[in-house]
Amino acid sequence: DFKARGLGGLGGADVLLIFAESYGASTLDDPRQAQALAPVRAQLAQALAAGGRQVVSARVRSPTFGGASWLAHAALLTGVDTQDPGAYELLLSTGRPSLVSHFRAAGWRTVSWMPGLQRPWPEGHFYGFERYADANSIGYAGAALGYWRVPDQASMALLHAQELAAPRPGRAPRFVVFPTLASHAPFRPVAPSVDDWARLRRPDAYSLAQIEQALAKPAAWS
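Calculation rules
- Residues numbered from 1 in each chain as written.
- Predicted model: local features only at pLDDT ≥ 70, side-chain atom pairs only at ≥ 80, totals over all residues.
- Heavy atoms only, no water.
- Helix = DSSP H or I, 4+ residues; strand = E, 2+ residues; numbered from the N terminus.
- Buried < 20%, exposed > 50% of the residue type's maximum accessible area, 1.4 Å probe, protein only.
- Pairing = 2+ DSSP bridges.
- Core = buried A, V, L, I, M, F, W, Y, C linked by side-chain atoms within 4.5 Å.
- Contact = heavy atoms within 4.5 Å.
- Patch = residues over 30% accessible without salt bridge, like charges linked within 9 Å, V, L, I, M, F, W, Y side chains within 5 Å.
- Areas by Shrake-Rupley, 256 points an atom, 1.4 Å probe, with all protein chains shown as cover.
- Salt bridge = Lys/Arg side-chain N within 4 Å of Asp/Glu carboxyl O.
- Phe/Tyr/Trp six-rings, centres within 6.5 Å; stacked < 30°, edge-to-face > 60°.

So, about unusual backbone geometry. Cis rather than trans, the peptide bond between R168 and P169 has omega equal to -5 degrees. Along the chain, the position of P169 falls in the loop between α7 (152–164) and β4 (174–179). The phi dihedral of R149 is positive, around 70 degrees, even though this residue is not glycine. By the secondary structure assignment, R149 is in the loop between β3 (131–134) and α7.

On to the pairing of β3. With burial as the criterion, only one face of β3 is covered, namely that bearing R131 and A133; the residues Y132 and D134 on the opposite face remain uncovered. Two elements, strand β2 (residues 109–114) and β3, share four bridges in a ladder whose sense is parallel. Across the sheet, residue V111 finds its bridge partner in β3, namely R131.

A few words on the nonpolar core. Judged by nonpolar contacts, the single largest core of 20 residues is most densely connected at W113, I138, Y140, L159, V176, L200 and Y206. Among the secondary structure elements, those contributing two or more residues to this core are β2, α7, β4 and α8 (208–216). Considering every element that reaches this core, the biggest residue donor is α7, with five residues. Apart from residues no more than four positions distant in its own chain, L200 is found in contact with Y140, Q153, A154, A157, V194, A205 and Y206.

On to a nonpolar patch on the surface. On the surface, L16, I18, M156 and W197 cluster together into a nonpolar patch covering about 340 Å² of accessible area. Within the secondary structure, M156 is located in helix α7. A residue is classified by how much of its surface remains accessible, and M156, at 32% relative accessible area, is partly exposed.

This brings us to the packing of aromatic side chains. Taken as a whole, this structure holds seven aromatic pairs when the rule is applied. For the ring pair Y147 and W148, a centre distance of 5.0 Å and an interplane angle of 75 degrees mean the geometry is edge-to-face. Look at Y147 and you get exposed, because its relative accessible area is 54%. Judged by relative accessible area, W148 falls into the buried class, the value being 17%. Following the ring pairs from residue to residue traces out a cluster consisting of W121, F126, Y127, F129 and Y132.

Time to look at the pattern of salt bridges. Inspection of every chain in the model, using the stated rule, returns seven salt bridges. Residue D14 is joined to R168 by a salt bridge in which the shortest nitrogen-to-oxygen separation is 3.8 Å. Taken together, the positions of D14 in the loop between α1 (2–7) and β1 (15–19) and R168 in the loop between α7 and β4 put the pair 154 residues apart, joining distant regions of the chain. Of the residues examined, D14 reaches a relative accessible area of 28% and is grouped as partly exposed. On the accessibility criterion, R168 (36% relative accessible area) is partly exposed. One salt bridge connects R174 with E163, and the closest N-O pair in it is separated by 2.9 Å. Pair noted here: R174 is in strand β4 and E163 is in helix α7, with a separation of 11 residues, a long-range link. E163 matches R174 in its accessibility class, with the two residues each being buried.

The following block contains the structure:
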């Protein structure tokens, strides 16, 4: 019984699997990146400690690099080596269980939060999520910023409002898979941080001045 062996220790907590695309171990191993991120990581560590939480880290080897991120998602969710795209296509034709199906069978509501999807993705139904939310259905009403349209902070605000804000008990725990977008190529424009998260759910999520400033900032490729 997977619930007894693997999920019972979660105590029915919400579980969010968030992919920070295009980064990974390089942010720890590359001295320039590690140095640049050290202050915010220290800030995060302090905030976690103040809340009685801790961080546990581990590494897995991605089956892809520089593209085809769906191969990495599939590998982590199913435990299958998808380095060969043919193996990924074969996987989609099977009934192999995944983290999604395990969480769903144990009573979690499973949500595929994919603001980067701008066209139908029938392959996604392999996983068996209860909800598939793409760029057109997550409810973002603000201005589009660049190719990806929906800034990550706005996606997080909408996810919280729609799936996580209701108090527990009273709702099923959530298992959410959310690939972020800001670190995907072309890496710009970078949306400004907004202190009022409720505003991110409205048409005026970003002011005209904020949008113009974000679009005017040049890309930094090094």
